[in-house]
Number of protein chains: 2
Amino acid sequence: MNLLPQGGSADYVVTGAWSQKAVKEAKRVGTVKIAASTEAESFKRIPKQGELTLDPNAAYVHITTNNTIFGTEWHYVPDTGSVPLVADTSSDMFSRPIDVAKHGLIYAGAQKNLGPSGVTLVIVRDDLVKRTPPSLPTMLQYSVHAENKSLYNTPPVFGVYTMRLVMKWLLKEGGLAAIDKKNARKADKLYAEIDRTGFYRGHAQTDSRSRMNVTFRLPSEDLEKRFAKEATSAGLDGLKGHRSVGGLRASIYNAFPEAGVDALVQFMKEFERKNG
Amino acid sequence: MNLLPQGGSADYVVTGAWSQKAVKEAKRVGTVKIAASTEAESFKRIPKQGELTLDPNAAYVHITTNNTIFGTEWHYVPDTGSVPLVADTSSDMFSRPIDVAKHGLIYAGAQKNLGPSGVTLVIVRDDLVKRTPPSLPTMLQYSVHAENKSLYNTPPVFGVYTMRLVMKWLLKEGGLAAIDKKNARKADKLYAEIDRTGFYRGHAQTDSRSRMNVTFRLPSEDLEKRFAKEATSAGLDGLKGHRSVGGLRASIYNAFPEAGVDALVQFMKEFERKNG
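Note that this is a predicted model, so its numbers are computed, not measured. (Residues numbered from 1 in each chain as written. Chains lettered and ligands numbered in written order. Predicted model: local features only at pLDDT ≥ 70, side-chain atom pairs only at ≥ 80, totals over all residues. Heavy atoms only, no water.)

(A) Structural view of the interface of chain A and chain B. Opposite the 21 residues of chain A that make contact, chain B presents 21 residues. If you sort the residues of chain A by the area they bury against chain B, A:Arg28, A:Ser117 and A:Phe158 come out on top, with a joint share of 33%. Along the contact surface separating chain A from chain B lie zero salt bridges. For the pair chain A and chain B, the interface holds 13 residue pairs in polar contact (both at pLDDT 80 or more). For the side of chain A that touches chain B, the secondary structure elements donating two or more residues are helix H1 (17-26) and helix H4 (157-172) of chain A. With three residues, the top contributor of residues to the side of chain A that touches chain B is H1(A). Considered class by class, the residues forming the side of chain A that touches chain B number 10 nonpolar, seven polar and four charged. (Contact = heavy atoms within 4.5 Å. Buried area = accessible area lost by both parts, 1.4 Å probe. Salt bridge = Lys/Arg side-chain N within 4 Å of Asp/Glu carboxyl O. Polar contact = N/O pair within 3.5 Å; in protein donor to acceptor, adjacent residues only side chain to side chain. Helix = DSSP H or I, 4+ residues; strand = E, 2+ residues; numbered from the N terminus. Nonpolar A, V, L, I, M, F, W, Y, C, P; charged D, E, K, R; others polar.)

(B) Structural view of the pattern of salt bridges. In this structure the tally under the stated criterion is 38 salt bridges over all chains. The residue B:Asp180 makes a salt bridge to B:Arg211 at a minimum N-O spacing of 2.8 Å. One end of the pair, B:Asp180, is in helix H5 (residues 175-196); the other, B:Arg211, is in the loop between strand E9 (201-202) and strand E10 (213-217), with 31 residues separating them in the sequence. We classify B:Asp180 as partly exposed; its relative accessible area is 23%. By relative accessible area, which is 14% here, B:Arg211 ends up buried. A salt bridge links B:Asp195 to B:Arg209; the shortest N-O distance between them is 2.9 Å. In this pair, B:Asp195 sits in helix H5 while B:Arg209 sits in the loop between E9 and E10, placing the two residues 14 residues apart along the sequence. Given the relative accessible area of 10%, B:Arg209 is considered buried. The network of salt bridges with shared partners includes A:Arg185, A:Lys189, A:Glu258 and A:Asp262. (Buried < 20%, exposed > 50% of the residue type's maximum accessible area, 1.4 Å probe, protein only.)

(C) Structural context of helix H5 (residues 175-196) of chain A. Residue and element names in this part refer to chain A. Given a rise of 1.5 Å per residue, 22 residues ought to cover 32 Å, and the 32 Å separating the end C-alpha atoms of H5 matches this to within 8%. The complete set of buried residues in H5 reads Gly175, Ile179, Lys182, Asn183, Ala184, Lys186, Ala187, Leu190, Tyr191, Glu193 and Ile194. Where the residues of H5 are buried, they touch H4, strand E9 (201-202), strand E10 (213-217), strand E11 (248-251) and helix H7 (258-275). (Expected span 1.5 Å × (residues − 1).)

(D) Representation of unusual backbone geometry. Residues and elements named next belong to chain B. Unlike most non-glycine residues, Phe94 shows phi in positive territory, near 60 degrees. If you trace the backbone, Phe94 turns up in the loop between strand E6 (85-88) and strand E7 (105-109). Judged by its relative accessible area of 16%, Phe94 is buried. For Lys149, which is not glycine, the phi dihedral falls at a positive 50 degrees. Mapped onto the elements, Lys149 comes out in the loop between helix H3 (142-147) and helix H4 (157-172).

(E) Up close: the pairing of strand E2 (residues 31-37) of chain B. All names here are of chain B. For strand E1 (residues 9-14) and E2, the ladder comprises six bridges, and the chain directions are parallel. When the sheet's bridge partners are listed, Tyr12 is paired in E2 with Ile34. Assessed by its sense of winding, the connection that carries the chain from E1 through helix H1 (residues 17-26) to E2 is right-handed. (Pairing = 2+ DSSP bridges. Right-handed = clockwise from strand over helix to strand, strands pointing away.)

(F) The arrangement of the environment of B:Gly202 in detail. Residue and element names in this part refer to chain B. In this fold, Gly202 is placed in strand E9. Residues Gly202 and Lys44, spaced 158 residues apart in sequence, show a C-alpha to C-alpha distance of 9.3 Å. The residues contacting Gly202, other than those within four sequence positions of it, are Ile194, Thr215 and Phe216.

(G) Inspection of the relation of the copies chain A and chain B at higher detail. After a rotation of 180 degrees and a shift along the axis of 0.0 Å, chain A superposes on chain B with an RMSD of 0.0 Å. Read as a symmetry element, the transformation amounts to a two-fold axis. Considering only C-alpha atoms, the residue of chain A closest to the rotation axis is A:Gly118, which sits at 3.3 Å. Interface residue correspondence from chain A to chain B reaches 100%, placing this contact among same-surface, isologous pairings. (Least-squares fit on C-alpha atoms with pLDDT ≥ 70 in both.)

(H) A look at the sheet that holds strand E1 (residues 9-14) of chain A. All names here are of chain A. Spatially, the six strands line up as an open sheet ordered E2-E1-E3-E6-E7-E8, and their pairing is mixed. Each having just a single partner strand, strand E2 (31-37) and strand E8 (120-124) make up the two edges of the open sheet. Ignoring strand direction, the axes of neighbouring strands in this sheet form an average angle of 20 degrees. Note: E1 against strand E3 (residues 61-64), two bridges, orientation parallel. By the bridge assignment for E3, Asp11 is matched with Val61. (Axes fitted to C-alpha atoms, helices over the stretch in contact; angles between N-to-C directions.)

(I) Examining the packing of helix H6 (residues 221-233) of chain A against H7(A) more closely. All names here are of chain A. Here H6 crosses H7 at 135 degrees, and the two axes come no closer than 11 Å. Considering the angle they form, H6 stands oblique to H7. Handedness of the H6/H7 crossing: right-handed. Touching Leu223, Arg226, Phe227, Glu230 and Ala231 of H6 are Leu264, Phe267, Met268, Phe271, Lys274 and Asn275, all from H7. (Parallel < 35°, antiparallel > 145°, perpendicular 65-115°, else oblique. Left-handed = near helix turned anticlockwise from the far one by under 90°.)

(J) Structural view of the packing of H4(B) against H5(B). All names here are of chain B. As a packed pair, H4 and H5 sit with axes 7 Å apart at the nearest point and diverge in direction by 75 degrees. Here H4 lies roughly perpendicular to H5, going by the angle between them. Where H4 approaches H5, its residues Trp169, Leu170 and Leu171 are matched on the opposing element by Gly175, Leu176 and Ile179.

Geometric descriptors of this kind do not, in isolation, establish any biological role.
Below is the structure:
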């Protein structure tokens, strides 16, 4: 609504449920071109740079950096030339350093790595703020919020305050470089266990694996049900995968402790020993 | 956006800054007719039923039940015939019983009497939810939120939880009937002090006085400045009026204790004794 001018067109890379929703909403505003989609492959991977069909006249290119349901994540920032890159980073924001300069706009709902639900972080380039059509409802105008330093209205103060505490915690932990290493270590442990034998099968293709949401299958749906149930009994909760993918999903956002990952790996070994 | 159909028109009663803003936003959607305005009288009163020019074909009639800046409040529910009444009750919601059946839609930002900023309470009649145009962005569609029992998206859970605690507190205090009496008592004490001599002058006309925001002037701006300064030193903070009205404003929402009102009345007596 802020970046797509009347009669304009935008490029969308479709890598999962959230980018599908983004396409649906953008179509209410203007023309949407699909730059690439991995839907035919059950969204098991992120398209490569060479696969993107980019329109040099697009208003922007939109990507979803991490796909919570399918467990895939962009491991490169696509080159979009002079067209601004818009990234929905809701589920991996501040899980690793970000090259902000390569983006036109970054947005992230807070509730994964940043703070409580009800706040959205937006980083937007000065020249793009100026695109806001003055016909938009005032509260939806990025330009109004930018001009008023996010204090045009009474903001959700508790959420903003909590984000401040999380940012202080991140800095104390060593900042994005340190959390990046920790997240890599956590995810690597799980993927190593998935790859150790043929018992577990990762949903995402190796080069597209998410470090926030690790999705995997077992030899049968019965075993998957048993795994989820026994894991819950063992204190490892919330592992049932999204119904559109099935299987299991371990969400290991910034706040999830490495000891929890170690416990899950131990549980996986034990489960395979008994059922493999 | 949800209630005004394409080509439709809505009636707005303008009683202060918030209804002016509502008019500005509604004009982006359709035709706005001003049913009444007290702007020429510095918004010192609420129009009477007989002063409202109502269009029987209007999509709705919009009022702002309490005007924080000017210190006025509706003390009757206007009769709008078969046209639905839409009430912005953000600053006096749950300060008194509400005859919900007389309204088509009630909305209230939480941050006065309900909870922290970042949540809005909406009560809407079943038939009006059906007016939502499907062309609206999904997140702005009242129908989507109604169908999904306010769980279409992850709601601002902390704010919702805090509202629950406030509602439990309200019930423990005796509910809306009890808070109504307490709020009347608090406001009456302040207005009695304002009316006691000619030293203080209420901004709002007697029949339109707000029980949430008590606005008053002193004989001179110098005295008003001194009043605000000395009151702050005495622990009575936030009394400076809004710049568009000047003077003083005591905001005495549900959570403000009666003892605070008593302290302010004592301070006012003492200030008049020394400066009157």
